[in-house]
Amino acid sequence: MAEVLVLAEHADGEVKKVTCELLTLARKFGEPAVVWTGPGAEQGQRRCAEFGAARIYVDADPAFDRYVVAPTAELLAELVSDKAPVLVLIAGTGEGKEIAARLAVKTDSGLITDAVDLSADADGNPVAEQSIFGGSTVVHSRVKRGTPIIAMRPHSVAPEPAAGAAELSPVSLAGAADGATITGHVVAERGERPDLTEASIVVSGGRGTGSPEGFGIIEKLADALGAAVGASRAVTDAGWYPHQFQVGQTGKTVSPQLYMAIGISGAIQHRAGMQTSKTIVAINKDPEAPIFELADYGVVGDLFTVVPQLLDEISRRKQL
Amino acid sequence: MNIVVCVKQVPDTAADRKLRPSDATLDRAAVDGLINELDEYAIEEGLQIAEAQREAGAEAEVTIVSMGPEKAAESIRKALSMGADKAVHLLDDGLAGSDALSTSYALAKIIGQAGFDLVICGSESTDARMGVLAAMLAERLGVPQVSLASKVDVDGRVVRIRRVSDEGYHEVEATLPAVISVVEKTNEPRYPSFKGIMAAKKKPVQTLTLADAGIDPAAVGLAGAGTEVVDFAQRPPRQAGVIVKDDGDGGVKVAEFLAAQKFI
Ligand SMILES: Cc1cc2nc3c(=O)[nH]c(=O)nc-3n(C[C@H](O)[C@H](O)[C@H](O)COP(=O)(O)OP(=O)(O)OC[C@H]3O[C@@H](n4cnc5c(N)ncnc54)[C@H](O)[C@@H]3O)c2cc1C
Ligand SMILES: Nc1ncnc2c1ncn2[C@@H]1O[C@H](COP(=O)(O)O)[C@@H](O)[C@H]1O
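Fair warning: this is a prediction, and the values are worked out from it, not measured in the lab.

Engineer: Explain the overall build of chain A to me, and be specific about the residues and the numbers.
Structural biologist: Summing up its helical and strand segments, chain A has 8 helices and 17 strands in all. Relative to a compact globule of 320 residues, whose C-alpha radius of gyration would be 20 Å, chain A shows 22 Å and is just as compact. Taking the principal axes of its C-alpha atoms as reference, chain A extends roughly 65 × 45 × 40 Å. Put simply, chain A has 320 residues, and 57% of those count as buried. Summarising the internal contacts of chain A: among those between residues at least 6 apart in sequence, 64% fall at separations of at least 24. Entry remark: accessible area of chain A is about 12300 Å², with carbon and sulfur atoms responsible for 48%.

Engineer: Lay out unusual backbone geometry in plain terms, naming residues and giving numbers.
Structural biologist: Following Leu-176 of chain B, the chain continues into Pro-177 of chain B via a peptide bond in cis, with omega recorded as -5°. Considering the arrangement of structural elements, one finds Pro-177 of chain B in the loop between β9 (168–175) and β10 (178–182). Positive phi, close to 60°, is recorded for Asp-114 of chain A, a residue that is not glycine. When you line up the elements, Asp-114 of chain A lands in strand β7 (residues 111–120). Judged by its relative accessible area of 14%, Asp-114 of chain A is buried. Even without glycine at this site, Lys-262 of chain B takes up a positive phi of about 70°. Mapping Lys-262 of chain B onto the fold places it in the segment after α8 (250–260). By relative accessible area, which is 72% here, Lys-262 of chain B ends up exposed.

Engineer: Just give me the short version of the state of the cysteines, but keep the residues and values in it.
Structural biologist: Enumeration over the complete set of coordinates arrives at 0 disulfides over all chains. Take Cys-6 of chain B: it sits in no disulfide, and the sulfur closest to it among the cysteines is that of Cys-121 of chain B, at 4.0 Å.

Engineer: How would you summarise the sheet that holds strand β16 (residues 279–284) of chain A if you had to cite specific residues and measurements?
Structural biologist: In spatial order, the strands read β14(A)-β13(A)-β15(A)-β16(A)-β17(A)-β13(B); together these 6 strands make up an open sheet with parallel pairing. One side of each edge strand has no neighbouring strand; the edge strands of this open sheet are β14 (228–231) of chain A together with β13 (242–245) of chain B. On average, adjacent strands in this sheet sit at an angle of 15° to one another, irrespective of strand direction. Pairing geometry for strand β17 (residues 297–300) of chain A and β13 of chain B, over 4 bridges, is parallel. When the sheet's bridge partners are listed, Val-299 of chain A is paired in β13 of chain B with Val-244 of chain B.

Engineer: Mind laying out the site of ligand 1, listing which residues take part and the relevant values?
Structural biologist: Inspection of the region around ligand 1 gives 28 residues, with Arg-207, Ser-232, Ser-265, Gln-269 and Asn-284 of chain A positioned closest. Mapping the residues adjacent to ligand 1 onto the chains of the assembly identifies chains A and B. In the environment of ligand 1, an oxygen atom lies 2.8 Å from a nitrogen or oxygen atom belonging to the side chain of His-270 of chain A. Protein chains shield 82% of the accessible area of ligand 1, which is 1000 Å² for the free molecule.

Engineer: Can you tell me about the environment of Pro-192 of chain B, naming the residues and giving the values?
Structural biologist: Residues and elements named next belong to chain B. Within the fold, Pro-192 resides in the loop between β10 and α5 (194–200). Judged by its relative accessible area of 24%, Pro-192 is partly exposed. Each C-alpha atom of the pair Pro-192 and Ile-43 lies 12 Å from the other, and the pair is 149 residues apart in sequence. Apart from residues no more than four positions distant in its own chain, Pro-192 is found in contact with Lys-78, Ser-81, Met-82 and Ile-197.

Engineer: Which residues make up the site of ligand 2, and what values do they have?
Structural biologist: Residues and elements named next belong to chain B. Close to ligand 2 lie 17 residues; Cys-6, Asp-39, Met-67, Ser-125 and Gly-131 are nearest. In this structure, Cys-6 approaches ligand 2 through a main-chain N or O atom, which is 2.7 Å from an oxygen atom. Contact with the protein chains removes 97% of the 480 Å² of surface that ligand 2 exposes when unbound. Within the residue set of the shell around ligand 2, elements represented by two or more residues are β4 (61–67) and β6 (118–122). Ranked by residues supplied to the shell around ligand 2, first place goes to β4 with 3 residues. Split by residue class, the shell around ligand 2 holds 9 nonpolar, 5 polar and 3 charged.

Engineer: Hey, could you go over the interface of chain A and chain B for me, with residue numbers and the actual values?
Structural biologist: The interface is formed by 87 residues belonging to chain A together with 78 residues belonging to chain B. Linking chain A with chain B are 10 salt bridges, by the criterion used here. Between Glu-37 of chain B and Arg-233 of chain A there is a salt bridge, with its nearest N and O atoms 3.4 Å apart. For the interface between chain A and chain B, the tally reads 47 residue pairs in polar contact (both at pLDDT 80 or more). When residues in the side of chain A that touches chain B are grouped by element, the largest group, 9 residues, is from helix α4 (residues 94–107) of chain A. Of the residues in the side of chain A that touches chain B, the class split is 36 nonpolar, 33 polar and 18 charged. Pairing of strand β9 (residues 137–143) of chain A with strand β12 (residues 227–234) of chain B, which is carried by 7 bridges, proceeds in the antiparallel orientation. Across the sheet, residue Ser-141 of chain A finds its bridge partner in β12 of chain B, namely Val-229 of chain B.

Rules of the game
- Residues numbered from 1 in each chain as written.
- Chains lettered and ligands numbered in written order.
- Predicted model: local features only at pLDDT ≥ 70, side-chain atom pairs only at ≥ 80, totals over all residues.
- Heavy atoms only, no water.
- Helix = DSSP H or I, 4+ residues; strand = E, 2+ residues; numbered from the N terminus.
- Rg over C-alpha atoms; globule rule 2.2 N^0.38 Å.
- Buried < 20%, exposed > 50% of the residue type's maximum accessible area, 1.4 Å probe, protein only.
- Contact = heavy atoms within 4.5 Å.
- Areas by Shrake-Rupley, 256 points an atom, 1.4 Å probe, with all protein chains shown as cover.
- Disulfide = S-S within 2.5 Å.
- Pairing = 2+ DSSP bridges.
- Axes fitted to C-alpha atoms, helices over the stretch in contact; angles between N-to-C directions.
- Near = heavy atom within 4 Å.
- Polar contact = N/O pair within 3.5 Å; in protein donor to acceptor, adjacent residues only side chain to side chain.
- Nonpolar A, V, L, I, M, F, W, Y, C, P; charged D, E, K, R; others polar.
- Salt bridge = Lys/Arg side-chain N within 4 Å of Asp/Glu carboxyl O.

Right, dumping it as structure tokens:
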């Protein structure tokens, strides 16, 4: 059976959830084969097996962690030419999209980014679903040249387990492992809160919070709900909260069970990052704010009176 | 130092953008075009690097490269009025419908011919939203890619950036020539001054056709694209929700809603 290559996202031997999502999709089109760059494949093997990987092509050279994008794209290109896969799936993160981009050029193949689902057409070829123009339009497209390369938006499909052998198969990069050099990594503090893109509840604050101190009320509410904190671009531009918590077109895309937009107007660029949330609650003092068009429940009022009352009510209910 | 900044004219994000039923390409004529906001950061970064070079006694020139229809000339003017020195506009009907693969092929051809030390892109175009062009250009031009920068430093022939990642940032460096892309936290783009707007009118803009640039017409446009649209549809709007006015019990009402939905 033809192979589908899935580039693994992993840190310290731990396979990221998005890789399990890609393996789930890969099974529709062929035999899933994971491509693993850098050390840690032995630790990740079990999880790959649980999601149906038939084998893992491993190049354990630690150099992959020292260079940006280029060597990984080169390894994938070599595997595409050796193994002739029917499809290559890559996580649609900033880095993943760039790997996909270079691979598309190297193999002269069509590239689709930000896909949210994959189905098979009558001939069994992949058709990608994308949500464009801030989510107003749904497009299906396919690759018509080369090997289809598709960068999937993380958290778009539910990972489903299936047994696989996940046999380790060592490979090594023939081309150069170089490019721009990584000299350091600074991890932003997240504290105890859940990851923004994986959280089932996200509480986001906007310019309406007025100041870094005012934004503190968003963190309080998030903690009361066990939620992740998000922010609008107005907030991150002003430096009230760090950039990596920005939700929207140039920030993170989230799709939680509950999204609370507080003091956020709901500009199209913000909506692009949150409008597929299951339930949306908005608190804003302007009844005309566009966020109310999306809200399942909205309160027109001052966040500095509504949110404290909500906090009191939550703690009262917890004590019942 | 030769600095090339890639600038795209895009339809206004706030406008009602639609795909044309005939060929499933964006109906660019129907909506106002404007400069891709994220490219303003690329222009600003180019201008700042050039200014620093000149202050240090070196020569520096900022060239805008844009591929797009006639109207893209407006965005080129804006870039020149911010302070770029000259521009190349790739304009040819044969380009309509180009995808990222073919756009990068055409732009690489032009940039390669113009010569460069540094190519600067925005992090993504607000219409296509692929965020792949810088990587594709680096691949085609055979130079390092220092992309998704939230901070850029050029020190002699070395460029160092902070590359944003999901968890924070990486420190990355490369030697020139290189391709960089910048995110919107890198700098504060300047507004064109009146003087800048007047000066821009006299700055050279070279308009090239595919033939002028030696670009293979079969490799660009809809025919040269590696992908095709199967179908598309407008998403139905979300169902209207319940909006209440806070009459002193807004917080309690939200709590009741959250409890009814089992969130608390
Ligand atoms: C290329 C591009 C990319 C962008 N990417 C993003 C992105 O990724 N994410 C993003 O968020 N934005 C993005 N934007 C910016 C976006 O257009 C908006 O400017 C931004 O989302 C506004 O943030 P805001 O809603 O917090 O602020 P505002 O629009 O200023 O809204 C503040 C809201 O708070 C309300 N308010 C004020 N005081 C109170 C109070 N006391 N109680 C209750 N309500 C109050 C006001 O009524 C108002 O509705 C992008 C823009 C561009 C051009
Ligand atoms: N037609 C174009 N002409 C010039 N530059 C472009 C064009 N398309 C994209 N770019 C550049 O590539 C960046 C990323 O675009 P994209 O990969 O389409 O999201 C943009 O911010 C621009 O700097």
